[in-house]
Amino acid sequence: MSASGPGSDAAARHAAFRAGRLAILPYLPGSCAWGLVSGVAMVKGGLDVPWAIAMSMMVNAASAQLAALPLIVAGAPLWAIIATGFITNLRFVIYSAAMRPHFAHLALKRRITLGFFMTDFTFVRFMRAAQENTLPAAHRDSWFAGMVSMNLVTWHVSALTGIVGASYIPTDWGLEFTGTLALVALVGPTLNMRPAVVGAITGALVALLAHGLPYKLGLFAGAIAGILAATLADRFQPRDPRAAEAA
Amino acid sequence: MSDPLSGIAMAAVVVGLTLSTLVTRTSFFVAGAKLKLSHRAEVALRYAPVCTLAAIIAPDVLFHGADALDTSLFNPRLVGVFASGLWLIWSRNIVGCLAVGMLAYSLARVYL
């Protein structure tokens, strides 16, 4: 297991990277559909193609880009546009808090790089592997980097395709629903303990009730409410071996 | 189509939004090993993935772009999620469950 020498360590690192790429592979149709649809939406929303490309390549956050789009097109003040980006991205503060212990030992530059390229899909896939004890024993950062790189390439290629081919890609087929289905497939199997079910139901209900709030704040409210409910349910959960193992 | 914002303003928008991505996603990563969270906070964060995804998915399925809640069994997105979930349970194949879900969703949109 703990083979020594720099050569075998590099090999183990590479193996973890490859395993990470494979772990995200089945969910990529979801990223692909979202990239395509958000590329199209940016151009159809009124952004010039060069700026749509620049934004897509730099920002790496579909939901923030799409939330900011109407403000950009309306010529809203800069601070309002950027504030919209921050608020729409708020859930990633929770994600980074949840993943922090796994990467705390790494150099700052590595931590920042891994964090910047994190997405909903790669975060949840990683946390699921952590919960199921299927992360590699060493080099879990490489495992994550493998997932992230695969997801990133898929995302950029499909977003560019959407931007350039905006007038040829049908928007009334509901392609983006593939992304939602991939999220369901990702999270469904983790609904195997009572606190998780309580949290999911609470999160869903609060997000539905708060759907009218701007900047996707309903999503954030749902996430917070769900986490609180799950934590409460966890405290009243009788301790069984499975729960102890997850802890 | 010309942009309502000038080139410099657009560049500032791109940089600002990139910062919003960077700051939120690396916020706790930057703290690294220095930070010690309480046990209760760590238990809470364990449920972050499932709760956040539930809050993303539910409005996506039940509002499907419209402003009205559609909880009827004829909601094509609900049909798609059910079909996809059943296929996943039965076959354990993720790509297959995406295809089946999209097929059921498309058929429901045409025929229901």
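Residues numbered from 1 in each chain as written. Chains lettered and ligands numbered in written order. Predicted model: local features only at pLDDT ≥ 70, side-chain atom pairs only at ≥ 80, totals over all residues.

## Considering the overall build of chain B
Here's step 1: When you go through chain B residue by residue, the secondary structure sums to five helices and zero strands.
Here's step 2: N-terminal to C-terminal, the α/β element order of chain B is α-α-α-α-α.
Here's step 3: What you see for chain B is a C-alpha radius of gyration of 21 Å, clearly larger than the 13 Å of a compact globule of 112 residues, by over 25%.
Here's step 4: For chain B, the residues scored as buried account for 42% of the 112 residues in total.
Here's step 5: A fraction of 31% describes how many contacts in chain B between residues 6 or more apart in sequence connect residues 24 or more apart. (Helix = DSSP H or I, 4+ residues; strand = E, 2+ residues; numbered from the N terminus. Rg over C-alpha atoms; globule rule 2.2 N^0.38 Å. Buried ≥ 20, exposed ≤ 12 C-beta atoms within 10 Å, placed from the backbone. Contact = placed C-beta atoms within 7 Å.)

## Some words on the overall build of chain A
Here's step 1: Per the secondary structure count, chain A includes 13 helices and zero strands.
Here's step 2: Listing the helices and strands of chain A from first to last along the sequence gives α-α-α-α-α-α-α-α-α-α-α-α-α.
Here's step 3: Over its C-alpha atoms chain A spans a radius of gyration of 20 Å, differing by no more than 12% from the 18 Å that the globule rule assigns to 247 residues.
Here's step 4: The dimensions of chain A, computed from C-alpha atoms along their principal axes, are 55 × 50 × 35 Å.

## Details of the environment of Ser-96 of chain A
Here's step 1: Its location among the elements puts Ser-96 of chain A in helix α6 (residues 91–103).
Here's step 2: Spatially, the C-alpha atoms of Ser-96 of chain A and Ala-229 of chain A are 20 Å apart, while their sequence positions differ by 133 residues.
Here's step 3: Residues in contact with Ser-96 of chain A, not counting those within four places in the same chain, are Gly-115 of chain A together with Arg-25, Thr-26, Ser-27, Phe-28 and Phe-29 of chain B.

## Focus on the packing of helix α10 (residues 177–187) of chain A against helix α5 (residues 94–111) of chain B
In a packed pair of helices, the relevant descriptors are the angle between the two axes and the axis-to-axis distance.
Here's step 1: Where α10 of chain A contacts α5 of chain B, the axes come no closer than 10 Å and their chain directions differ by 135°. Relative to α5 of chain B, α10 of chain A is oriented oblique. Considering only the axes of α10 of chain A and α5 of chain B, their crossing is right-handed. Facing Phe-177, Thr-178, Leu-181, Ala-182 and Ala-185 of chain A of α10 of chain A, the residues of α5 of chain B in contact are Ile-94, Cys-97, Leu-98, Gly-101, Met-102 and Tyr-105 of chain B.
Here's step 2: Among the residues making up the contact of α10 of chain A with α5 of chain B, the classes are represented as nine nonpolar, two polar and no charged. (Axes fitted to C-alpha atoms, helices over the stretch in contact; angles between N-to-C directions. Parallel < 35°, antiparallel > 145°, perpendicular 65-115°, else oblique. Left-handed = near helix turned anticlockwise from the far one by under 90°. Nonpolar A, V, L, I, M, F, W, Y, C, P; charged D, E, K, R; others polar.)

## Observations regarding the interface of chain A and chain B
Here's step 1: Listed per partner, the contact involves 81 residues of chain A and 62 residues of chain B.
Here's step 2: By residue number, the principal contributor to the side of chain A that touches chain B is α6 of chain A, which donates 10 residues.
Here's step 3: When the residues that make up the side of chain A that touches chain B are grouped by side-chain class, the tally is 54 nonpolar, 21 polar and six charged.

## A look at the domain arrangement of chain B
Here's step 1: In terms of domains, chain B is made up of domain 1 (1–36) and domain 2 (49–111).
Here's step 2: Relative placement of domain 1 of chain B and domain 2 of chain B: their C-alpha centres are 32 Å apart. (Domains from an automatic or database assignment.)

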